[in-house]
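Here is what each chain is made of, one letter per residue.
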Amino acid sequence: MRAEDLRVRSELDAAGELGGPYVPRMEAVHVRNAARLRELIAEHGWPGEDIAGEDGAKAAWFIVQHAVGEPEFQRRALGLLQSAAADGRIPAWHAAFLEDRIAMYEGRPQRFGSQWIDDPHDGRIRPWRLADPEHVNDLRASVGLVPLHPIPEPGPPLAEDRRRELEETRAWWEQWLWSKGWRPAFGQSE
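Residues numbered from 1 in each chain as written. Predicted model: local features only at pLDDT ≥ 70, side-chain atom pairs only at ≥ 80, totals over all residues. Heavy atoms only, no water.

Enquirer: I keep staring at the overall build of the protein and nothing clicks. Help me out?
Expert: What the protein contains, in helices and strands, is 7 helices and 2 strands. Put simply, the protein runs from its N terminus to its C terminus through helices and strands in the order α-α-α-α-α-β-β-α-α. Considered along the principal axes of its C-alpha atoms, the protein spans approximately 50 × 40 × 30 Å. Evaluated residue by residue, the protein yields a buried proportion of 41% over its 190 residues. Positive and negative side-chain charges in the protein, numbering 24 and 32 respectively, have mean positions lying 2 Å apart. (Helix = DSSP H or I, 4+ residues; strand = E, 2+ residues; numbered from the N terminus. Buried < 20%, exposed > 50% of the residue type's maximum accessible area, 1.4 Å probe, protein only. Lys, Arg positive; Asp, Glu negative; His and termini not counted. Charge placed at Lys NZ, Arg CZ, Asp CG, Glu CD.)

What follows is the structure, encoded as structure tokens:
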């Protein structure tokens, strides 16, 4: 399932189709993979390293991380990941990444700095809002992550057409996230 996700992503990237609204072909892969992962969880519980090996556990994390159209599944999976991490069945960073992704989609600051977005002012990628910027590296270390990459300084303003393109893409995602039940609208609580 992870290989299929990566294959389709690579094809779409090569065709220049990524970086804007959710591509239906990519979404279909994510929906299909999430459905199969739910079946596996129902049968075996969370596929930790003790059940699926290191590669299988990482693939399960990857699949749930990409189930962006399914807020309830991601929220439920977060609890499973946190329990599996507490039991030593998966690395703690698996839960940290999903926690940050859910926080971002819900419009809350992230704790671990794992989610980065394009800044429409200068086009540079920066972390989604941090809950505790002064201690983010301590939090990252607590789950086995390296220190946060340096955050780029503000750069020159983007050309008007590129800025507008990024803003339109972000507005599309706001609407899409709202339609999936993540929150009233992506960006309203910023």
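Enquirer: I'm lost on the environment of glutamate 43 in this one. Help?
Expert: The topology assignment puts glutamate 43 in helix α2 (residues 24–44). A sequence separation of 134 residues divides glutamate 43 from leucine 177, and the C-alpha atoms of the two residues are 29 Å apart.

Enquirer: Hey, could you run me through the packing of aromatic side chains in this one?
Expert: Aromatic ring pairs are reported here in terms of the distance separating the ring centres and the angle at which the planes meet. Scanning the model with the defined rule gives 9 aromatic pairs in all. On the basis of an interplanar angle of 75 degrees and a centroid distance of 4.9 Å, the ring pair of tryptophan 61 and tryptophan 93 is categorised as edge-to-face. Of this pair, tryptophan 61 sits in helix α3 (residues 49–65) while tryptophan 93 sits in helix α5 (residues 92–106), and the two are 32 residues apart along the sequence. Measuring from ring centre to ring centre gives 5.1 Å for tryptophan 172 and tryptophan 173, while their planes differ by 80 degrees; the resulting arrangement is edge-to-face. (Phe/Tyr/Trp six-rings, centres within 6.5 Å; stacked < 30°, edge-to-face > 60°.)

Enquirer: Just checking my understanding: could you explain α2 for this structure?
Expert: Between the first and last C-alpha of α2 there are 30 Å, a value that for 21 residues agrees with the 30 Å anticipated at 1.5 Å per step. Burial in α2 covers these residues: Met26, Val29, His30, Asn33, Ala34, Leu37 and Ile41. Each buried residue of α2 sits inside an arc of 130 degrees when the element is viewed along its axis, so together they form one side. Those residues of α2 that are exposed and aimed more than 90 degrees away from the buried face are Pro24, Ala42 and Glu43. The secondary structure elements touched by the buried residues of α2 are α1 (2–14), α3 and α4 (71–86). (Expected span 1.5 Å × (residues − 1). Arc of directions from axis to C-beta. Contact = heavy atoms within 4.5 Å.)

Enquirer: What should I look at first to understand the nonpolar core in this one?
Expert: A general feature of soluble globular proteins is that nonpolar side chains tend to end up buried together. In this structure, Leu37, Trp46 and Val64 are the most contacted members of the largest nonpolar core, which totals 32 residues. Of all the secondary structure elements, the ones that give two or more residues to this core are α1, α2, α3, α4, α5 and α7 (160–180). Per-element tally for this core: the top contributor is α4, with 6 residues. In this structure valine 64 touches Leu37, Trp46, Phe73, Gln74, Ala77, Leu81 and Leu98, once residues within four positions along its chain are discounted. Of all hydrophobic cores here, the second largest spans 8 residues; its members include Trp61, Ala96, Phe112 and Val143. (Core = buried A, V, L, I, M, F, W, Y, C linked by side-chain atoms within 4.5 Å.)

Enquirer: Any chance you could explain the pattern of salt bridges here in plain terms?
Expert: When their charged atoms lie close together, side chains carrying opposite charge are able to pair. Across all of its chains, the model carries 19 salt bridges by this definition. Measuring nitrogen to oxygen at the nearest pair gives 3.6 Å for the salt bridge that ties arginine 9 to aspartate 5. Remark: aspartate 5 and arginine 9 occur in helix α1; sequence separation between them is 4 residues, near one turn of the helix. Among the ionic pairs, glutamate 160 bridges to arginine 163, the shortest N-O distance being 2.1 Å. Here the residue glutamate 160 and the residue arginine 163 both occupy positions in helix α7, the gap between them amounting to 3 residues, near one helical turn. (Salt bridge = Lys/Arg side-chain N within 4 Å of Asp/Glu carboxyl O.)

Enquirer: Sorry, what's going on with α7 here?
Expert: Residues spaced three or four apart along an α-helix point in a common direction, a consequence of the helix completing one turn every 3.6 residues. In this model, α7 (21 residues) spans 30 Å end to end at C-alpha, consistent with the 30 Å of a helix rising 1.5 Å per residue. The inward-facing, buried residues of α7 contact α2, α5 and β1 (116–118). Trailing α7 by a residue or two, glycine 181 shows a phi angle of about 90 degrees, which is positive.

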